[in-house]
Structures are given as structure tokens and as C-alpha cells.
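In case you want the letters, here they are:
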Amino acid sequence: MSLNWKLLVAEKRAKQLASIPKEWLLAPEELPPKDVLDVTAFPDTCGHLSVKEIEITNSSVKVLLQKLAAAEWSAVEVTTAFYKRAIIAHQLVNCLTEIFVERALARAKEVDDYLRANGKPIGPLHGLPISLKDQINLRGIEATMGYVSWINIIAERDAVLVTTLESLGAVPFVKTNVPQTLMWGETFNNVFGRTTNPYNRSLTPGGSSGGEGALIALKGSPMGVGSDIGGSVRIPAGFCGLYGLRPSTGRVPYTGSVNSLEGQDSIASVLGPMSNSLSAIHTFMESVVRAQPWKMDPLMVPKPWSDEECKLINHGGGKKLCFGIMWDDGVVVPHPPIIRGLEIVKQAVVKAGHSVVDWKPIKHQDLVMAARKIWYAGDLEDFQTVTKISGEPIVSSMLPGTLDTEGFNLGERYLEEGISTYEVWQVQKERQRLRYQYLEHWEKTAEITGTGRPVDAIICAVAPYTAPRHGHNNITQYTTVWNALDYTTLVVPITTADKALDVKKPPHEFLNGADEANYKSYEPETFHGAPIALQIVGRTLEEEAVIGMGEVVDTAVHSYLNNN
């Protein structure tokens, strides 16, 4: 094995450090010790942000956009505030990859100059700093995607989403960390290392958009963009207590981003927004879709934005919704904090005048296995093709104990050999059959809802646990199943795990070995304080309706918790 790749890593890390203004860096003695696990309050109390910068970075996207459009706050001062906080976040949880301060501030000044000259904002995202997952190309910036082989490869043009966001007035300002290959539910690579969870640094922030999740949770970015092929927006959103949307395929432009498994379009990766507020998710989706990016990206579905669908015109106007609550997926039963989160939502929506029924999952294991077989058909060759350029090994594990003394993962990851084209066709045919069966199953729920409609949306876990210890996020089927079905899915934070409330329950009748192992892994102390979040699942291309129903659920939960 060549050692040259380690030299490339050392040069890349030095370059990253040099890109940070020295006055923004905290001295080692100013940072919390490693045994301080919850660092969410640190940016506000560390003394490196002014009173105004704290106000700016604690403001919602709605407030930021209002003040930016009214010139009460300049884009330069807002971008600077978030940049300084992002650098603090990075020193706490290692969430950033590409840092380009001069470029971002020049863009912010351009936005300010436009407002002064024209008396109106550029667009609905005027002056808003937006963080981007590392794979989203910015012209002139690298997108290593956690691969040593892609160090020093400069993007020649912007991704279509970047072009769209800038046309709306946004200011891209950082790129965030990912796992090598992206095909992990955690965030570690040999180039930038491991990202940790701000609520408990011994826990994972999830992946593959884990850098985004950790950064936004520390309010180092008001809004970010992740990608999702099997849960990579929703898992970090759930583990970091954020809102995150997995749109259906073709609703948000993807062209121009680098990726793993490129060319595999049966179950494709999609880009989606992440933020601390649901209104930000709504603003992002509406703004991007109204910009008609399908004129630049041929893979998009040219579906205009519908305010009527947001108002739930196809769901009884939102006056009396019926939600299906999936207590488990028939494969692995969730930990007590997740069950409590589901119970809170059930009580909240019923109190708000809606109804719930138990959702009976069908074919979940079959759908997940179909997705994995499609990805596995060529993933080994894909990963080997990239890593052999530098000699870097394919990362074998997310467990901290698998690293060498320099912090690198040198083990070879076991991957199955690919299958033939004909065999892939058979899996795709099986997936089509399963999708039809699931649609038929959903339609039949009209017989039990009492509304005359089928269940409006499904509410379920993001994972059968809150954020676990590093290397232990091994169950991604609660998210992957919706990718296999291409259903629009929104993550909504509910509350946090509490060791006093979420006590370990007596053993149930285990569904299988994985269910038993998951039960045994629960220790209330380990998960205490970790965010609890749930998914709201709609049907294909129901982004407006899912956001609308998310607003109903979010409002109901806040009201319920405030009154209890």
C-alpha cells in the first residue's frame, strides 16, 4: 500500500486550516475538554461572538430573510456571523470540508450592492448563507466526497442547484463532511476524519449528510442541503434534532453534483433541505421549484409549485386528517424514547382534532433488500475504481476502534461481488411489484380512516433508536424503505431522550436476531439528551402536502408539549 495518499491528506488538512482566518480560531485551552459531551450551548457562551452575532445566528430563516430584504442586516454581516459560528462548530465537532471566506463575503457584498442599487432583493433567498454537502459542486472548489483520490480535483462549473440558489439571492459559504463513498449512515473519512454529534460527542450525528446535521444543530448555518439515497438527509436530521426533507426523485435539481453509484438511477440519490425550522424547509422548496430549474436539469420533473397542495386540497383541506402510526416496521422494535415520541405525536394530533390508526407495514424487508441488491450490483467496482487511483483503502468500519495510531481506517471493507445486468432487471421488476402492492395496501386504508380518504400520511421512526454510539448505526431500514418506494418524507423533531422517562422495558417476543440485539443495546444513560425525531411519510411527489401536514403535526406537538 502506497503511503503517498497520507501525504495528500496531510497537505489537504493543512490547506483547510490555512483557509480559516486566524482570529476566528479558538486556542486549545478555550475549547471544552473532550469529556464535555454536550456542546450545543458553547457557541453562545464562548465569548468569540458579539451580542449581535449571537442574535443573528439564533434567528430563524424567516426573520433573517425579512431583515436582509429590508436592509436591517447586511448580507456581509449575516454571512460573517454564521461563518464565525461555523468555525466554532467545526472546532467542536469537525463538520466542515471546504472553507472559502473571501469568496463567500464577496458574494455577500454583491448581494448587498444589488439591494442598494435596485431597491429590492435579488430573490426570496436574498443574502441567506447556505451550507452545502461536500458533493455539491461549486466552481473552483474541490468536492473530495471523502476520497483521497479526489483531492485537488477542482469543479469546473456549479451544480444546477447552486446556480438556482444564487439566482434566488443565496450565499453558499461552506461545504460539510461526509463518509467516504457516501454509503454510510455515519460520517467518517480518511481525508477529514470523524464528525460528532453536538448533543453528545460520543454519539454519531448520522450520515451521510452528518456534517450538515452537526453544523446546523450548532446554528453554524441557518439552512443546508444534504443528499439522500437511503436516509442520508433524514438520519442526520433525526439524530441532530432538525427538520429535513427527502423529496421524491426529480423534484430538486441534482445535476452537477458528484456522487457514488453514478449511472444507477433505479433508486437514485436526491438533494433535500435541512434546517432548524420547518418554515425554512417550506421556503427552500417553494423558492427552488418556482425557479423552474428543470430548464437546466433534464432529470427533473417539471411540476410547478402548488399553494393549493400546501393547503392540503387533496387531504380534506387539512381540517380532519387521519395519520397512520407505524409503531415498528415488523423487523426491529424501536427503543423506549422513540416509542414515547410516537405516543406524544398520537396524543398531540388527536387533541388537535385529527385521528390516528395503526399502520400495518407490509413487505418492508423485501423492499429494503431490493434496494440493497440494486446498489450492491456495482458498488464494489465503483468504490475500487476511485480508491485505486490513490491507493487509499475502502473504509471498512465506522467504529473508532478500527483506526490506526494516525486516525486512519486501513481495513478492507467487505462488499459483495456484483450481479449480472439480467439479475438487476429481475430485482427492479420485483421492486415494481412491491411498489404496486404497497400502493394498493395504502389505498385500502380508506375503509378504516373514517374520512372517506386513505390514510393521509404515515408517522414512523427515523431509526429504531436515537443517535447511537459511533460505529453502531447499523439499522437504516426505517428510512431506506421510503427510498425504495420513492415516497416524499419529512423529519420533524419532537423532544429529547430522558433516562427518567425512557426506562428499559422488559423483553418482548423478539422478531429476529437483529431485534433482540437492538433491545439489548438500549441503555437509558447512553441515549439521555439525544434528540427524538420522527418521519412524516407521504406519497410520490407530494412535497407540498407533506410539508403542509408536517406543519399540522409540528404545531400540534408544540401546543401539546407546552400545555403538558
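Residues numbered from 1 in each chain as written. Predicted model: local features only at pLDDT ≥ 70, side-chain atom pairs only at ≥ 80, totals over all residues. Heavy atoms only, no water.

Caption draft 1: Structural context of the pattern of salt bridges. Inspection of the entire model under this criterion finds 28 salt bridges. As a salt-bridge pair, Lys12 and Glu142 come within 3.2 Å of each other at their nearest N and O atoms. You can see Lys12 sitting in helix H1 (residues 4–18) and its partner Glu142 sitting in the loop between strand E2 (129–133) and helix H7 (160–167), a full 130 residues away along the chain. Linked through salt bridges whose partners overlap, the residues forming this network are Arg251, Lys303, Glu309, Glu543 and Glu544. (Salt bridge = Lys/Arg side-chain N within 4 Å of Asp/Glu carboxyl O. Helix = DSSP H or I, 4+ residues; strand = E, 2+ residues; numbered from the N terminus.)

Caption draft 2: Spatial organisation of the packing of helix H10 (residues 278–290) against helix H20 (residues 543–563). Between H10 and H20, whose axes approach to 10 Å, the crossing angle comes to 165 degrees. In terms of axis orientation, H10 runs roughly antiparallel to H20. Relative to H20, H10 is oriented so that their crossing is left-handed. Facing H10, whose interface residues are Leu278, Ile281, His282 and Met285, H20 presents Glu543, Ile547, Gly550, Glu551 and Asp554. Looking at side-chain class alone, the contact of H10 with H20 contains four nonpolar, two polar and three charged residues. (Axes fitted to C-alpha atoms, helices over the stretch in contact; angles between N-to-C directions. Parallel < 35°, antiparallel > 145°, perpendicular 65-115°, else oblique. Left-handed = near helix turned anticlockwise from the far one by under 90°. Contact = heavy atoms within 4.5 Å. Nonpolar A, V, L, I, M, F, W, Y, C, P; charged D, E, K, R; others polar.)

Caption draft 3: Examining the layout of surface pockets more closely. Computed from the structure, the second largest pocket encloses a volume of approximately 570 Å³. Contributing to the lining of the second largest pocket are 18 residues, with Lys34, Gln91, Leu92, Asn94 and Arg201 lying nearest its centre. Looking at the lining of the second largest pocket, the elements that each hand over two or more residues are H1 and helix H5 (75–93). The element best represented in the lining of the second largest pocket is H5, accounting for four residues. Taken together, the residues that form the lining of the second largest pocket break down as eight nonpolar, six polar and four charged. (1 Å grid on protein atoms, 1.4 Å probe; cavity = no way out; pocket = protein on both sides within 12 Å on 5 of 7 lines; lining within 4 Å. Points joined across faces, edges and corners; volume = space filled by probe spheres on them.)

Caption draft 4: Main features of the packing of helix H13 (residues 364–376) against helix H17 (residues 477–485). One can describe the packing of H13 onto H17 by two numbers: an axis separation of 8 Å at closest approach and a directional angle of 75 degrees. Taken together, the axes of H13 and H17 lie roughly perpendicular to each other. Contacts between H13 and H17 involve His364, Gln365, Leu367, Val368, Ala371, Arg372 and Trp375 from the first element and Gln477, Thr480, Val481, Trp482, Ala484 and Leu485 from the second. Class assignment of the residues belonging to the contact of H13 with H17 gives a composition of eight nonpolar, four polar and one charged.

Caption draft 5: Focus on empty space enclosed by the protein. Tallying each qualifying case throughout the model produces two cavities of 30 Å³ or more. Around the largest cavity, the lining is made up of 13 residues, and of these Leu182, Met183, Ile229, Asn259 and Ser269 lie nearest the centre. Split by residue class, the lining of the largest cavity holds five nonpolar, six polar and two charged. The calculated volume of the second largest cavity comes to roughly 40 Å³.

Caption draft 6: Representation of helix H14 (residues 379–387) in the model. Those residues of H14 not exposed but buried are Asp379, Leu380, Phe383, Val386 and Thr387. Each buried residue of H14 lies within a common arc of 140 degrees when the element is viewed along its axis, so the set occupies one face. The elements touched by buried residues of H14 are H13. (Buried < 20%, exposed > 50% of the residue type's maximum accessible area, 1.4 Å probe, protein only. Arc of directions from axis to C-beta.)

Caption draft 7: Main features of the environment of Gly550. For Gly550, the position within the fold is in helix H20. Remark: the alpha-carbon pair of Gly550 and Thr489, spanning 61 residues in sequence, is separated by 9.7 Å.

Caption draft 8: Just the side chain of Arg107, in detail. By the secondary structure assignment, Arg107 is in helix H6 (residues 101–118). A polar atom in the side chain of Arg107 sits 2.7 Å from the backbone oxygen of Glu166. (Polar contact = N/O pair within 3.5 Å; in protein donor to acceptor, adjacent residues only side chain to side chain.)

Caption draft 9: Structural view of H6. Over its 18 residues, H6 runs 26 Å from end to end, which matches the ideal 26 Å to within 8%, given 1.5 Å per residue. Buried residues of H6: Val101, Ala104, Arg107, Ala108, Val111, Asp112 and Leu115, and no others. When H6 is viewed along its axis, its buried side chains cluster within an angular range of 140 degrees and face the same direction. Opposite the buried face of H6, by more than 90 degrees, sit the exposed residues Glu102, Arg116 and Ala117. Buried residues along H6 sit in contact with helix H4 (61–69), H5, strand E1 (96–99), H7 and strand E3 (171–176). One or two steps after H6, the chain reaches Gly119, where phi turns positive at roughly 70 degrees. (Expected span 1.5 Å × (residues − 1).)

Caption draft 10: A look at the nonpolar core. In this structure, Tyr83, Ile130, Leu165, Ile459 and Trp482 are the most contacted members of the largest nonpolar core, which totals 137 residues. For this core, the element with the highest residue contribution is H5, accounting for eleven residues. In this structure Ile130 touches Leu125, Leu165, Ala170, Val171, Pro172, Phe173, Val174, Ser221, Met223, Gly224 and Val225, once residues within four positions along its chain are discounted. (Core = buried A, V, L, I, M, F, W, Y, C linked by side-chain atoms within 4.5 Å.)

Caption draft 11: Seen up close, unusual backbone geometry. A cis amide bond links Gly207 with the next residue in sequence, Ser208, at an omega value of 5 degrees. Along the chain, Ser208 falls in the loop between strand E5 (193–194) and helix H8 (210–217). Phi at Leu312 takes a positive value of approximately 65 degrees, unusual for a residue other than glycine. Looking at the secondary structure, you find Leu312 in the loop between helix H11 (307–310) and strand E9 (322–325). Its relative accessible area of 3% is what places Leu312 among the buried residues.

Caption draft 12: A look at the sheet that holds E2. Spatially, eleven strands are ordered E1-E3-E2-E6-E8-E7-E12-E13-E11-E9-E10 in an open sheet, and the strand pairing comes out mixed. Each having just a single partner strand, E1 and strand E10 (355–358) make up the two edges of the open sheet. Across the sheet, the axes of successive neighbouring strands diverge by a mean angle of 30 degrees, strand direction being ignored. With seven bridges connecting them, strand E12 (residues 489–496) and strand E13 (residues 531–537) associate as antiparallel partners. When the sheet's bridge partners are listed, Val492 is paired in E13 with Leu534. Sitting on the sheet, H6 touches E1 and E3, and the angle it makes with E3 is about 155 degrees. (Pairing = 2+ DSSP bridges.)

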